Amino acid sequence: MLGFVSHSDCLEHDAGPCHPECRQRLEAIDNQLLMSGLDFVIRRYDAPKVSREALERVHDREYISRVYDMAPTDGSVEIDGDTVMSPGTLAAAERAAGAGVLAVDLIMKAEAGPVFCAVRPPGHHAEHDQAMGFCLFNNIAVAAAHAMDVHGVERVAIVDFDVHHGNGTEDIFMRDNRVLFCSSFQHPFYPFAGHDSETANLVDVPLSAGTDGAGFRTAISDHWLPALRKFRPQFLFISAGFDAHVLDDMSSLALSDADYAWITKELQAIAQEHCSGRIVSMLEGGYDLTALPRSVVAHLKELL
Ligand SMILES: [Zn+2]
């Protein structure tokens, strides 16, 4: 059974008019699940609010307090040019980070197979003590730390195929040898990180503008897949951003729905080989309201 974790609070985060990270992203995914028939085979769960303890595993205490203190009751608060808090943002962020914790628990209790978390705001740009790039709490990092610290998982791999480098995840885990972090990203491009990392537990795959599916598959096959097999993860986490799609205005890569199906199949095979198929996949970017839901469905069909 494919688990699907989300929450209506995640719709209530409003980053402002014309902001690409909008509630329609989750609504489009829901519609596509219905149209594809997948809605009848997934098992839905409501994301709980994340605990303070779970946040503190990856974020600085003062930073967390600052986020809670900044949350507006009306109007909006701009953290940076891209990252905005509205009255609904804090609850959405608490659900987004809590989703991965529930997903890990479901898998460790064998109550669900792979689990996808359809949440917003996204998380992979959020660093140990800094919000940025639409992200407040690093949802995938919270989930991975929960798996290690609460369930005793010794080795986790986090792979990130969002078009933007997962600088926040790298910042949190770059000195943690329990974690292998693989990121593919357009380069040079926001957040202008990753390409010069030299830590042994990081596998960065920078891709030049215009890279298509063939180039992407070659780079992943050459760099990520051997590193993942060598690492033998006991749990696989996916920062699933779909903004490298050819239709997505956010970037200049040219991936297709089929490329997302391909990489999911490759990751699924590794999870079957090494960790009994334990996969938590977390929505990150993806802003084209046609390509995003189609790509998510392609991803979920391979996870099934
Ligand atoms: Zn992105």
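Residues numbered from 1 in each chain as written. Predicted model: local features only at pLDDT ≥ 70, side-chain atom pairs only at ≥ 80, totals over all residues. Heavy atoms only, no water.

*Asks:* Before we go on, may I ask you to explain the confidence of the model for the chain in this structure?
*Replies:* When pLDDT drops low, the exact placement of atoms in the prediction is not to be read closely. With 99% of its residues at a pLDDT of at least 70, the chain reaches an overall mean of 97. Across the chain, element-level confidence peaks in strand E9 (residues 235–240) with a mean pLDDT of 99 and bottoms out in strand E8 (residues 202–207) with 95. (pLDDT = per-residue confidence, 0-100. Helix = DSSP H or I, 4+ residues; strand = E, 2+ residues; numbered from the N terminus.)

*Asks:* Which parts of the structure should I look at to understand a nonpolar patch on the surface?
*Replies:* On the surface, a cluster of nonpolar side chains totalling about 430 Å² of accessible area is made up of Leu34, Phe40, Val41 and Leu304. Among the secondary structure elements, Leu34 is positioned in helix H1 (residues 24–36). (Patch = residues over 30% accessible without salt bridge, like charges linked within 9 Å, V, L, I, M, F, W, Y side chains within 5 Å. Areas by Shrake-Rupley, 256 points an atom, 1.4 Å probe, with all protein chains shown as cover. Salt bridge = Lys/Arg side-chain N within 4 Å of Asp/Glu carboxyl O.)

*Asks:* Teacher, can you tell me more about the coordination of the zinc ion here?
*Replies:* Geometry reference: four tetrahedral donors at a metal, ideal angle 109.5 degrees. Six octahedral donors, ideal angles 90 or 180 degrees. Binding of the zinc ion to the protein goes through Asp162 (OD), Asp162 (OD), His164 (ND1) and Asp243 (OD), at separations of 2.0 to 2.7 Å. Taken together, the four donor atoms coordinating the zinc ion and their angles of 53 to 153° define a geometry best described as irregular. Spacing between the donor residues of the zinc ion along the chain follows D-x1-H-x78-D. Taken together, the residues His164 in the loop between strand E6 (156–160) and helix H6 (167–173) and Asp243 in the loop between E9 and helix H8 (257–275) connect sequence positions 79 residues apart. (Donors = N, O, S within 2.8 Å, 3.2 Å for Na, K, Ca; no water. Tetrahedral: all angles 85-135°; square planar, octahedral: opposite > 155°, others 65-115°.)

*Asks:* Please explain helix H3 (residues 61–70) as it appears in this structure.
*Replies:* Tyr63, Ile64 and Val67 are the residues of H3 that are buried. Take H3 and look down its axis: the buried residues cluster within an arc of 100°, on one side only. With respect to the buried face of H3, the exposed residues turned more than 90 degrees away are Arg61, Glu62 and Asp69. Taken together, the buried residues of H3 touch helix H2 (52–56), strand E4 (84–85) and helix H4 (89–108). For H3, the side-chain oxygen to backbone nitrogen distance between the N-cap and Glu62 is 3.3 Å, and the N-cap itself is Asp60. (Buried < 20%, exposed > 50% of the residue type's maximum accessible area, 1.4 Å probe, protein only. Arc of directions from axis to C-beta. Contact = heavy atoms within 4.5 Å. Polar contact = N/O pair within 3.5 Å; in protein donor to acceptor, adjacent residues only side chain to side chain.)

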